[in-house]
Amino acid sequence: MTAAAPKPALPGSLNANRLLSQWIGFDKSGRVSIRPGKVEIGQGIVTALAQIAADELDVAFERIDMQPATTATSPNEGVTSGSRSVTESGMALRHACAAARQIFLSVTAQRTGVPLDRIEVVDGRFIGPSGEIGSYWADADTGLLACEAPAKVKIKSAAERSIAGTTVARIDLPDKVFGLPRFIHDLRLPGMIFARVVRPATRGARLVEAPEAPAGCSLVIDGNFVAVAADTEATADAAATKLAARIRWDERDTLPEQTEMRAFLRASPAEKLTLADQPGRAAPTQTLRTQFYRPYLSHASIGVCCAVARFADDRLEVWSHSQSIFLLRKDLARVLGLPIEAVTVHHREGAGCYGHNGADDVALDASLVARAHPGSPVRLQWSRADELGWSPFSSAMLVEIEAGVDAKGDLVDWKHEVFSNGHLLRPGNFDSPSLLAAAELATPFEAPIAQNPPLASGGGADRNAFPIYRTGGLTLDIHRLLDMPIRVSSLRGLGAMVNVLAIEATMDELAATAGRDPVEYRLTHLDDQRAKDVIEAVVAMAGPRPAAPPDGYGRGLAFARYKGTSAYCAVVAEIEAEEQVRVRRLWIAADAGEVINPEGAAHQIEGGAVQACSFALKEAVTFDRRGITSNAWETYQILRFEDVPQVMTQLLPRPDLPPVGVGECATGPTVAAIANAIHDALGVRPRTMPFTADNLSLDMGNAP
Amino acid sequence: MTAFYLNGTTVSVDLPADTPLLTAIRNELALFGSRFGCGAEQCGSCMMLIDGQAEFSCTRPLDSVAGRDVITVEGLGTPEHPHPLQQAFLAEQAGQCGYCLSGMLISAAALLSANPQPDEAEVRTALNRNLCRCGAHNRIVRAVLRAADQLRDTP
Ligand code: FES
Ligand code: FES
């Protein structure tokens, strides 16, 4: 027996999903179906993918119908996250669509005798020297795409593209502006029943005795999992409120002291990973030690998590706003003891999603209730308190840097140490299912401890821990906690937010200590021209400081290349520090290679930057020894209209360079630029997020 | 039985008097544009115009709108006959996930009828009760100002 020759590598997710018909379909009526496995999470990806497809097929953008992903038929594209969708799905679709075009054209050339290079494609019609000789629609039913994508296809050059690279209106926005049903929350199926979950009073609490079902409701109790279902949502809601007040739980202290988190992060059992260990290039004449702390953060979506599930004939069908429907399917099958083929997960849009929130967890909640009500579709929606109290958070983090410089102030050595839980708890990744309710059942599954994604996918706690600067020596130690008192997973940028803050605030401080200009100081330590370009671009955008700045005025700059491999982004923040810090203006320059939808990309960057202001100034998950206390908007505050700064964004044109996502590139630099601006205004180096008046006076007191 | 005007037509709903208006409109009347975000008057996703005022509908008992005039985002305009605000939101691409937008549109509609020519600060103040997590704020403000301009130019 001889081994089959390995298949040639194909771009992005096409490599693992090689069948063209899985991605593209033509319809006799002149429509094109595009079926990515990536999903819309509010970032506009579906529009960008449609642009790529329309361009490569040479059809009008309006002909494209983007199909929602489903485990039943869509290509398995893993997780929609980490700004990887354009790279993985976009490049797969570009290749697949170019292949489809090529196949249709060669069949037409053969049939008509018209040479390939004399056929033009005009909005899906194939035009020869003497007129139309075919179209995608004419050959729609011929099964031409029932084949694997060839390795060699001719992709359009940047100059040949006419749709990708231009600003196109978001496909999904009209429905949302006119209030048409589009979200998972709006899905109604015949015979649907409504359910709510009643989570334990606090973390690790145990049900003392099973309550009685309120009138008109049915109860589903399995261990510490309690849910209630009724014919109407109002009945289920009222019952859940009543039950929450009535049920007795055996509670205990399982959480650390909120005020002792730094010590907790340092002292907890951890797995240490040394990612770099190069000695310094010389003995430093001076050493700067800095430390940065960020509390747990919440996704805090405006919508609450929701899922619909139907269990019938030993099969489970689920509608979910999960970012990873295939991985969710795996964990649902494991918890319910079903073969994986018996579970289907369809994606439906949810509210903005900034990482692994409770979307997967609520899908299990709904499935457990559905199993107890065979045949009835069950819609289960979380409350705001469930959302802010039980969604996975982003881990609290501590980052310490020790930077050694020579007599001129240039770097000779750099040590960076991170203490954090892992940043990945997505379903389907562990020996045991990681869904919230799995550990609450009477026969519980062991709750896995968050891992860090591998460095090849950008890492987790270590994301952006590698400084882009020439540091001389470099030591990089990551301590991943082996206890997880508060359940955490992935939130926008993972560890990048704190690592970038730490690096950029330290660079700023080093420059100041050496009496050097922070821009010059960074440029001196950079070799990468694209990095220098965005820094210079943002400096030019921001212009000179005002001649007569108001009291409390400050400006700061920060920069990072997301994940070390993705988009470059430099930010200048302008703030006013009165009783509280207010960010007035942000200037942002970014380089994300080829940009598919320039306005869409600018909007995503801007959204990320505004959210970063919120993280920087306002947000912290609070808790006592038993449970989360920030489970309402009153106690988990986010930035509001009156506090949102003006944001000016510029994307450097790089049409010939590979496209990378932009959703996360501004987060770290924005937080760091604000920290540097605070120092400029007040002379204090912010070390504790969020940068509230209380934390700033703490940092002022701790200053050496 | 509670009867009221919904987007210009009379409706009557046979639900307990204390059913939240939001739940009644979404589930009973199948208008899904108004969204649930918190159920506690803290986010604005559920806003409706009640007798012309932008109000939270998530805590509002159904019987309290008996005989009143209720307008949801669907009542502002349709794809065929869009409200100037809806046009402006699309022109400015004001929205990321879009979950907050119905509440924004309703708040903005109330503002423009009380103050047809607001400046930027007034728009921000009027929308300050409405939360957006995606950071679409500045585009939303621009869209409201654009709609105000358009309403002024086409009386
Ligand atoms: S849902 Fe009514 S204010 Fe949040
Ligand atoms: S656009 Fe997502 S919450 Fe506003």
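Residues numbered from 1 in each chain as written. Chains lettered and ligands numbered in written order. Predicted model: local features only at pLDDT ≥ 70, side-chain atom pairs only at ≥ 80, totals over all residues. Heavy atoms only, no water.

## Digging into the overall build of chain A
- Along the backbone of chain A there are 15 helices and 24 strands.
- Compactness check: chain A gives a C-alpha radius of gyration of 27 Å against a globular reference of 27 Å for 704 residues, within 12% of the reference.
- Principal-axis analysis of the C-alpha atoms places the extent of chain A at approximately 80 × 70 × 60 Å.
- The 704 residues of chain A split such that 62% are buried.
- Summarising the internal contacts of chain A: among those between residues at least 6 apart in sequence, 77% fall at separations of at least 24.
- When the accessible area of chain A is evaluated, it comes to approximately 25200 Å², of which 51% is carbon and sulfur surface. (Helix = DSSP H or I, 4+ residues; strand = E, 2+ residues; numbered from the N terminus. Rg over C-alpha atoms; globule rule 2.2 N^0.38 Å. Buried < 20%, exposed > 50% of the residue type's maximum accessible area, 1.4 Å probe, protein only. Contact = heavy atoms within 4.5 Å. Areas by Shrake-Rupley, 256 points an atom, 1.4 Å probe, with all protein chains shown as cover.)

## Details of the packing of aromatic side chains
- Going through the model one piece at a time under the given rule, you end up with eight aromatic pairs over all chains.
- Consider the rings of Phe104 of chain A and Tyr136 of chain A, whose centres lie 5.2 Å apart with planes at 70 degrees: the pair is edge-to-face. Highlighted residues: Phe104 of chain A in helix 3 (residues 85-112) and Tyr136 of chain A in the loop between strand 6 (131-135) and helix 4 (173-177), separated in sequence by 32 residues.
- When the centroid spacing of 5.1 Å and the interplanar angle of 70 degrees are considered together, the rings of Phe183 of chain A and Tyr99 of chain B count as edge-to-face. Linking Phe183 of chain A in the loop between helix 4 and strand 7 (193-197) with Tyr99 of chain B in the loop between helix 3 (84-91) and helix 4 (101-114), this pair reaches from one chain into another. Each member of the pair, Phe183 of chain A as well as Tyr99 of chain B, is classed as buried.
- An aromatic cluster of at least three residues, connected via ring pairs, comprises Phe26, Phe104, Phe126, Tyr136 and Trp137 of chain A.
- Positioned above the aromatic ring of Trp390 of chain A, the side-chain terminus of Arg203 of chain A is 4.6 Å from the ring centre.
- Sitting over the face of the ring of Tyr99 of chain B, Arg35 of chain B holds its NZ or CZ atom 5.9 Å from the ring centroid. (Phe/Tyr/Trp six-rings, centres within 6.5 Å; stacked < 30°, edge-to-face > 60°. Lys NZ or Arg CZ within 6 Å of the ring centre and 35° of its normal.)

## Thoughts on the domain arrangement of chain A
Residue and element names in this part refer to chain A.
- Domain boundaries assigned for chain A yield domain 1 (12-176), domain 2 (184-251 + 299-390) and domain 3 (268-296 + 393-423 + 459-701).
- Each side of the interface is counted separately: domain 2 has 16 residues, and domain 3 has 17 residues.
- Counting the surface lost from both domain 2 and domain 3, the interface buries some 1500 Å², and carbon and sulfur atoms represent 57% of this.
- Along the contact surface separating domain 2 from domain 3 lie one salt bridge.
- Run the count over domain 2 and domain 3 and you get five residue pairs in polar contact (both at pLDDT 80 or more).
- No other element matches the five residues that helix 9 (residues 384-390) contributes to the side of domain 2 that touches domain 3. (Domains from an automatic or database assignment. Buried area = accessible area lost by both parts, 1.4 Å probe. Salt bridge = Lys/Arg side-chain N within 4 Å of Asp/Glu carboxyl O. Polar contact = N/O pair within 3.5 Å; in protein donor to acceptor, adjacent residues only side chain to side chain.)

## Focus: the sheet that holds strand 17 (residues 378-381) of chain A
Residue and element names in this part refer to chain A.
- Taken in spatial order, the seven strands of this open sheet run 9-10-7-17-14-15-16, and their pairing is mixed. Each edge of the sheet is formed by a strand with only one pairing partner; in this case those strands are strand 9 (218-222) and strand 16 (343-347). Shown here is a sheet whose adjacent strand axes are inclined to one another by a mean of 25 degrees, direction ignored.
- For strand 15 (residues 315-320) and strand 16, the ladder comprises five bridges, and the chain directions are parallel. Of the residues in strand 16, the one forming a bridge with Leu316 is Val343.
- Across the face of the sheet, helix 7 (residues 325-336) comes into contact with strand 15 and strand 16 while running at roughly 145 degrees to strand 16.
- This element, helix 8 (residues 359-371), spans strand 7, strand 9, strand 10 (225-230), strand 14 (306-312), strand 15 and strand 17 of the sheet and lies at about 35 degrees to strand 14. (Pairing = 2+ DSSP bridges. Axes fitted to C-alpha atoms, helices over the stretch in contact; angles between N-to-C directions.)

## A short note on the state of the cysteines
Residue and element names in this part refer to chain A.
- Applying the stated rule across the entire model yields zero disulfides over all chains.
- Free of any disulfide, Cys569 has its nearest cysteine sulfur in Cys665, 4.2 Å distant.
- In this structure Cys569 comes out as buried when scored by relative accessible area, which is 0%. (Disulfide = S-S within 2.5 Å.)

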